[in-house]
Amino acid sequence: MTLSKNLDDLKLDKKLKVAILPSFTLNGLDETFHVKCSEIGIRYQSYVAGYNQYNQEILDPKSKLYSFSPDITFLIIDIRTLLNEIFHHPYSISSSERKKIVKEKISELRNLILQFKKNCGSKLIISNFSLPSYSPSGLIETKSEFGFHDMISEINQELSKIAKDESSVYVYNFNQFVSKFGEKNIFDYRQFFIGDIKIAFDYIPYLANDLMGYVKPMLGLNKKCIVLDLDNTLWGGIVGEDEFDGIELGQSSNGKAFVEFQKHLLSLWQQGIILAINSKNNFEDAIKVIREHPDMVLKEEHFASLQINWNDKAQNLKAISEELNIGLGSIVYFDDDPVNQERIKQEIPEVLTVKLPEDPSQYTDILMSLNDFNVLQKTDEDLKRGKMYSQQRQRSELEQSTKSIDDFLKQLNIKVKIKKADKFTIPRISQLTLKTNQFNLTTKRYQEEDIIKFSSDNNMIVGCAQIEDKFGDSGITNAFIIEKNDKEWKIDTFLLSCRVIGRGIEDAIISYILNEAKNQGVGKIRADFIPTKKNSPAEAFLPNCGFKKENGYWIYDLKDSIKTPDHLLLEVE
Amino acid sequence: MSKKLYDIISKVFSVQISEINDESSPETIESWDSFNGLILVDELESNFNIKFSISEIIDVKNVKDIKRHLNNHGVDLDE
């Protein structure tokens, strides 16, 4: 924990302000967050409210909490504090009194949440309550009329309902945390009596790890793609030596472990995680297993890229990143061979290389304990991503069989639908600003609440575009934010998801914006390009569209004619 | 003598071993607060494979007290 004091925060480019509001002594969480944030490049600032001060901090609009103005707030109340005397003596009162108390507690919690939302733009993570394994009524607890355990379950259910209605509020399942690690480990009576510590400090790092799950997607640090080795990773043995019938997959104990691992990978794919292969093998040997082995859960259609060859694995990983247009920092790599693991760690430290043990029965557990695939909202685009990538492969095939790029673009029958920000598109617009690194003029990151605010401002335009072509729907892949003045519009944000770059879509959308400004009698459009490590794909965009550099900004004089690409169809909703 | 104990104390409170003696206490070691005190308990228990009672924990006022309780649990510090 002392490590946190020595961290050189100034080198880190992403910033995060975290508030922690505990109802008991929760030392160590702050320090652990600090270390974990630094490890992934976040400059961490924190405010830890005094012991059991959460009520005052939330209810007083002038509190230190609000003047700190956090980005994310963790409100961690324990069940003993919430229920007070009733925690020990739930059966000293009637079931209808228990019901009444639960109602009161829920309305207290709801009030805290709503007051917090009113006073602060921060995301709020509130922990739910752990269900004690003990009950004074013993075995017949489950037969009790609205018993002790029913009380806590009811509070947890209602808390989840409140969070479902509030987009910036999330419930952290602390009850599940306790059942994962065990009540007897988490709650140490000695620490409780000596220091009112309700989470034993051996388990604080695990709690911090869980809670970091909320932080990563907020800052766009979540992983999008899993790259997998084949031999001894997706199946046991080496197909080149043991041959098709000799590999372990399905029947044996080890074989079952690989099937289980694949099933979990498939479930992540269904949630929008991209899968790819990086394997040293003869392509024919390996693809035969993928296509024909009866116990293969993952099929060819699930893989967005198949790098099966004898090339260097680091080179293959870079090729996957380029082919799929996703940053190396978004990739998790699974390979059973420690030499390969070390090689990738050295060569491409941005990739998260998983330390796999020899025993495949551990693979699934390791995959499930990775806390890097979380998103804070799930859009239609996320769920369709797997399919979209296989459509992308078909597009590449058409591109390779067509002679000129113009012919290719014409054959695609691209349709660009411009949409306004509304309750359906706002989550996706925010997500695009958080995740898009490459084709992004200004790389400004906005949470959902920011986009809601902009879209209700009459001096701003917030929009996005949905792209379709003959192979399918790519979903909403562009977003733009414009500040309006009578004489001049300023482009605050203009970005395009990398998977649709290079099809003239960006030109069509900018020409729509230019025409729109011209029709409203505006003279000029001002834009900015803020270079980052990753956004060079957008660098030439403004000059190519006819913007001219004046005093450090890119200006488009609307007296000039506006070019519109003719290979695609533009619709405005 | 007592090297293992001093190593643990030094690590938990981030102080030099040379600064630790029998009279070291929360008054002389700045980082010895109640929370770090509990971390010390945890480290001692796992390193010496013992379990302290609450009264033993709250009885500790300085390093000499720690040695006394370790002795009571059969830990030989001169090993």
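Predicted model only: the values in this text are computed from it and were never measured.

1. Considering the overall build of chain B
The number of helices and strands found in chain B is four helices and zero strands. Listed by position from the N terminus, the elements making up chain B come as α-α-α-α. Taking 2.2 N^0.38 as the reference for a compact globule, 79 residues should give roughly 12 Å; the C-alpha atoms of chain B span a radius of gyration of 11 Å, in line with that estimate. Along the first, second and third principal axes, the C-alpha atoms of chain B reach 30 × 25 × 20 Å. Evaluated residue by residue, chain B yields a buried proportion of 47% over its 79 residues.

2. Digging into helix H19 (residues 405–412) of chain A
Residues and elements named next belong to chain A. Among the residues making up H19, those that are buried are Phe408, Leu409 and Leu412. The buried residues of H19 all sit within an arc of 95° when viewed along its axis, so they share a single face. Here the buried face of H19 lies against helix H18 (380–401), strand E11 (414–420) and strand E13 (460–469). Just beyond H19, the residue with positive phi is Asn413, at close to 50°.

3. With respect to the interface of chain A and chain B
Counting residues at the interface gives 10 residues for chain A, matched by 12 residues for chain B. For the pair chain A and chain B, the summed buried surface comes to about 1,000 Å²; carbon and sulfur atoms form 72% of the total. Together, A:Arg190, A:Ile194 and A:Phe201 form the three largest contributors to the area buried by chain A at its contact with chain B, with a combined 58%. Here chain A is connected to chain B by one salt bridge.

4. Description of the packing of aromatic side chains
Residues and elements named next belong to chain A. Tallied over the full model, the rule gives 27 aromatic pairs over all chains. With a centroid separation of 5.2 Å and an interplanar angle of 70°, the aromatic rings of Phe439 and Phe541 are classed as edge-to-face. With Phe439 in strand E12 (residues 439–440) and Phe541 in helix H23 (residues 541–545), this residue pair connects regions lying 102 residues apart in the sequence. The residues Phe439 and Phe541 share a single accessibility class, namely buried. Three or more aromatic residues link up through ring pairs in this structure, and these residues are Tyr172, Phe174, Phe177, Phe181, Tyr203 and Tyr206. Taking the ring centre of Phe68 as reference, the NZ or CZ of Lys17 above it sits at 5.1 Å.

5. Describing the sheet that holds strand E5 (residues 169–172) of chain A
The strands making up a sheet are joined through hydrogen bonds of the backbone, oriented either antiparallel or parallel. All names here are of chain A. If you walk across this open sheet you meet the five strands as E2-E1-E3-E4-E5, and the pairing is parallel. Looking along the sheet, the strands with just one partner apiece sit at the ends: strand E2 (42–48) and E5. On average, adjacent strands in this sheet sit at an angle of 20° to one another, irrespective of strand direction. By the bridge criterion, five bridges tie strand E1 (residues 14–22) to strand E3 (residues 72–76) in an arrangement that is parallel. Each bridged residue has a counterpart across the sheet, and for Ala19 the counterpart in E3 is Thr73. Against the sheet, helix H1 (residues 29–39) touches E1, E2 and E3, its axis set at about 165° to E2.

6. Observations regarding the UniProt feature "domain: Carrier" (unreviewed entry) in chain B
Per the UniProt record, "domain: Carrier" (unreviewed entry) is found at residues 4–70 of chain B. Taken end to end, residues 4–70 of chain B has its terminal C-alpha atoms 12 Å apart, with 58% of it in helix and 0% in strand.

7. Description of the domain arrangement of chain A
On domain assignment, one finds that chain A holds domain 1 (2–218), domain 2 (225–369) and domain 3 (403–572). Centre-to-centre separation of domain 1 of chain A and domain 2 of chain A, based on C-alpha positions: 37 Å.

8. Regarding the packing of H18(A) against H19(A)
All names here are of chain A. Where H18 meets H19, the axes come as close as 9 Å, and the angle between the chain directions of the two elements is 140°. Between H18 and H19, the angle is such that the two are oblique. For the pair H18 and H19, the crossing hand works out as right-handed. On the side of H18, the interface is formed by Arg395, Leu398 and Glu399, while H19 contributes Ile405, Phe408, Gln411 and Leu412. Of the residues belonging to the contact of H18 with H19, the class tally is four nonpolar, one polar and two charged.

9. Examining the pairing of strand E6 (residues 225–228) of chain A
Residues and elements named next belong to chain A. Burial of the side chains of E6 extends over both faces: Cys225 and Val227 are buried on one face and Ile226 and Leu228 on the other. Pairing geometry for E6 and strand E7 (residues 274–280), over four bridges, is parallel. When the sheet's bridge partners are listed, Cys225 is paired in E7 with Ile274. Bridge analysis of E6 against strand E9 (residues 331–334) gives four bridges, and the strand direction is parallel. When the sheet's bridge partners are listed, Ile226 is paired in E9 with Val332.

10. So, the sheet that holds E9(A)
All names here are of chain A. If you trace the five strands from one edge of the open sheet to the other, you get E8-E7-E6-E9-E10, paired in parallel fashion. This sheet does not close on itself; its edge strands, each paired only once, are strand E8 (303–309) and strand E10 (352–353). The pairing of E9 with E10 spans two bridges and is parallel. When the sheet's bridge partners are listed, Tyr333 is paired in E10 with Thr353. Contacts from H18 reach E7 and E8, with the element oriented near 55° to E8.

Scoring rules and cut-offs
Residues numbered from 1 in each chain as written. Chains lettered and ligands numbered in written order. Predicted model: local features only at pLDDT ≥ 70, side-chain atom pairs only at ≥ 80, totals over all residues. Heavy atoms only, no water. Helix = DSSP H or I, 4+ residues; strand = E, 2+ residues; numbered from the N terminus. Rg over C-alpha atoms; globule rule 2.2 N^0.38 Å. Buried < 20%, exposed > 50% of the residue type's maximum accessible area, 1.4 Å probe, protein only. Arc of directions from axis to C-beta. Contact = heavy atoms within 4.5 Å. Buried area = accessible area lost by both parts, 1.4 Å probe. Salt bridge = Lys/Arg side-chain N within 4 Å of Asp/Glu carboxyl O. Phe/Tyr/Trp six-rings, centres within 6.5 Å; stacked < 30°, edge-to-face > 60°. Lys NZ or Arg CZ within 6 Å of the ring centre and 35° of its normal. Pairing = 2+ DSSP bridges. Axes fitted to C-alpha atoms, helices over the stretch in contact; angles between N-to-C directions. UniProt positions renumbered as here; feature names shortened; annotations may be inferred. Domains from an automatic or database assignment. Parallel < 35°, antiparallel > 145°, perpendicular 65-115°, else oblique. Left-handed = near helix turned anticlockwise from the far one by under 90°. Nonpolar A, V, L, I, M, F, W, Y, C, P; charged D, E, K, R; others polar.

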